[in-house]
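# Summary of the model geometry
Chain by chain, the residues:
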Amino acid sequence: MENYKIPAQTRIGHVHLKVSDLQKSLAFYQDLLGFELVTMYGNQAAFISAGDYHHHIGLNTWQSKGAPRAPEYAPGLFHTAILYPERKDLAAIFKRLMDNGYPLTGASDHGVSEALYLDDPDGNGVELYWDRPREEWPLDSEGNLTMFTRQLDVRGLLAELD
């Protein structure tokens, strides 16, 4: 088989999630996280976006209406990662989550990024993060990327809002 590499400018355009209750999912993604509703397909699916894109997230109940939460220890999507443009934006959503009492499952500094982790109402993992500028990424003495997982400095993050 020929050695193929995907084009460097390729991006993941959207994620489409099976959910058990469309209104609960919209309350999470739209009301709490702030995504905008683009369109509904009856009462079975919704497409939401950050800005004027056709959709970043699709939510549907076509094969999952009323189903129990996704099992934690089973194959499937680990998390959907939502990239914020600036550290201050991550700080703002962190404060919003805290103000609403929404539980986090983690908060990490990965060297290249800072991230908050939580679950949506169906147990789908969600990562909210921002990337540090490339020139700040940690490298070893040979110039290789050296990502890590350390505790996020949440006080420092919240100081972005001062």
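Residues numbered from 1 in each chain as written. Predicted model: local features only at pLDDT ≥ 70, side-chain atom pairs only at ≥ 80, totals over all residues. Heavy atoms only, no water.

What the rule picks out here adds up to 6 salt bridges. A salt bridge links arginine 69 to aspartate 119; the nearest nitrogen and oxygen atoms lie 3.7 Å apart. Here arginine 69, found in the loop between β4 (57-60) and β5 (80-83), pairs with aspartate 119, found in strand β7 (residues 113-119); they are 50 residues apart in sequence, far enough to count as distant. Where arginine 132 meets aspartate 109, a salt bridge forms, and the shortest distance between an N and an O atom there is 2.9 Å. (Salt bridge = Lys/Arg side-chain N within 4 Å of Asp/Glu carboxyl O. Helix = DSSP H or I, 4+ residues; strand = E, 2+ residues; numbered from the N terminus.)

Within the element layout of this structure, threonine 146 appears in the loop between β8 (125-131) and β9 (150-151). Counting along the chain gives 34 residues from threonine 146 to valine 112, while the straight-line C-alpha distance between them is 8.7 Å. For threonine 146, the contacting residues outside a window of four places in its chain are Pro138, Leu139 and Asp140. (Contact = heavy atoms within 4.5 Å.)

The next subject is helix α1 (residues 22-32). Leu22, Ser25, Leu26, Phe28, Tyr29 and Leu32 are the residues of α1 that are buried. Capping the start of α1 is the job of one residue whose side-chain oxygen sits 3.0 Å from the backbone nitrogen of glutamine 23: aspartate 21. Phi turns positive one or two residues past the end of α1, at glycine 34, with a value near 90°. (Buried < 20%, exposed > 50% of the residue type's maximum accessible area, 1.4 Å probe, protein only. Polar contact = N/O pair within 3.5 Å; in protein donor to acceptor, adjacent residues only side chain to side chain.)

Right, let's talk about the sheet that holds β7 for a bit. Overall, mixed pairing links the 5 strands, which are arranged β5-β8-β7-β6-β9 in an open sheet. Each edge of the open sheet is held by one strand with a lone partner, namely β5 and β9. Examined bridge by bridge, strand β6 (residues 106-109) and β7 share 4 bridges and lie antiparallel to one another. What sits directly across from aspartate 109, in β7, is glutamate 114. Each of β7 and β8 touches helix α2 (residues 87-99); the most contacted strand, β7, lies at about 25° to it. (Pairing = 2+ DSSP bridges. Axes fitted to C-alpha atoms, helices over the stretch in contact; angles between N-to-C directions.)

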